[in-house]
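Architecture at a glance
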Amino acid sequence: MSKKITIAIDGYSSTGKSTVAKQLAAELGYVYVDTGAMYRAVTLYLMRKMIVTDTNFDEEAILRQLPFINISFVFNKEVGYGEVHLNGENVEKEIRLMEVSQQVSKVAAVSQVREMLVKIQQEIGKNKAVVMDGRDIGTVVFPDADLKIFMTASTEKRAERRFNELKERGDDIKYEDVLANVKERDYLDTTREDSPLIKADDAVEIDNSEMNLEEQFEKVLKLAKDKIEE
Ligand code: DC
């Protein structure tokens, strides 16, 4: 049997990390974990409680709610990966709404939220054979990951991709708003005090501005196979 490894894929929002990570996990027969979905699910819970809104961000109330938030993944055979559940409810679709994207970086900056989710992530990945994508996987969650990939692409390319995704889904959305959201999240994700988005020293950087999905997949698959065979 071949060696099982831990693969950490970090990078900016809308770099297509999750698409490649999912494909890679499926190819290797590994578990895929979308950690952004976990931060989004916590955000959705707090938005429903009106603790986090456009005009309200009550950190004390957030901390009081944490014990009541349960985040899990339930494997969906049809899509081939685990979908995120909030207190037992599948919220995979709702967490992708623009309203959630607008609030999530603020929630992800709360240390106690990070602590709670990092623990779950470390538990899921403790037996290796996992592809996890996020912002701090190679730096905080699995600093000893066997393979670390850091994905980047130009801001405009990323906004364009996210815009097309949302349009395809039927959302009524303006490109300028998506671009502004991508820029704002980059700023918040890279400047927050706790676990900011940074490239781990030993991560392989891939700029996919000019790469299609197939080229990206080939590249990461080769990196993974090389590590597994090492
Ligand atoms: O990957 P995404 O766009 O779904 O992530 C949503 C937000 O969650 C993003 O703004 C940053 C945050 N995040 C984080 O802080 N740490 C992670 N490991 C994953 C996501």
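Residues numbered from 1 in each chain as written. Predicted model: local features only at pLDDT ≥ 70, side-chain atom pairs only at ≥ 80, totals over all residues. Heavy atoms only, no water.

On to the pattern of salt bridges. What the rule picks out here adds up to 15 salt bridges. One salt bridge connects R169 with D171, and the closest N-O pair in it is separated by 2.7 Å. Relative accessible area serves as the criterion here: at 40%, R169 is assigned to the partly exposed category. Judged by its relative accessible area of 19%, D171 falls in the buried class. (Salt bridge = Lys/Arg side-chain N within 4 Å of Asp/Glu carboxyl O. Buried < 20%, exposed > 50% of the residue type's maximum accessible area, 1.4 Å probe, protein only.)

The terminal C-alpha atoms of helix α1 (residues 17–28), which comprises twelve residues, lie 16 Å apart, in line with the 16 Å expected from a rise of 1.5 Å per residue. Among the residues of α1, those classed as buried are K17, V20, A21, L24, A25 and L28. One side of α1 holds all its buried residues, which, seen down the axis, span an arc of 135°. G29 sits one or two positions beyond α1 and adopts a positive phi of about 75°. (Helix = DSSP H or I, 4+ residues; strand = E, 2+ residues; numbered from the N terminus. Expected span 1.5 Å × (residues − 1). Arc of directions from axis to C-beta.)

Right, let's talk about the sheet that holds strand β6 (residues 130–134) for a bit. Neighbouring strands of a sheet are bound in pairs by backbone hydrogen bonds; such pairs are parallel or else antiparallel. Pairing within the open sheet is parallel, and its five strands lie in the order β2-β6-β1-β7-β8. A strand with exactly one partner marks an edge of an open sheet, and here the two such strands are β2 (31–34) and β8 (204–207). Sheet twist, expressed as the average angle between the axes of neighbouring strands with direction ignored, equals 20°. Judged from the five bridges that link them, strand β1 (residues 6–11) and strand β7 (residues 147–152) form a sheet pairing that is parallel. (Pairing = 2+ DSSP bridges. Axes fitted to C-alpha atoms, helices over the stretch in contact; angles between N-to-C directions.)

This brings us to the site of the ligand. Around the ligand, the surrounding shell holds 15 residues, and the nearest of these are R40, R114, D136, R185 and R192. Here R135 contributes a side-chain N or O atom positioned 2.9 Å from an oxygen atom of the ligand. Contact distances for the ligand include 2.8 Å between an oxygen atom and a side-chain N or O atom of R192. Out of a free accessible area of 450 Å², the ligand has 97% covered by protein chains. Those elements giving two or more residues to the shell around the ligand turn out to be α2 (35–48), α4 (98–107) and α8 (175–191). (Near = heavy atom within 4 Å. Polar contact = N/O pair within 3.5 Å; in protein donor to acceptor, adjacent residues only side chain to side chain. Areas by Shrake-Rupley, 256 points an atom, 1.4 Å probe, with all protein chains shown as cover.)

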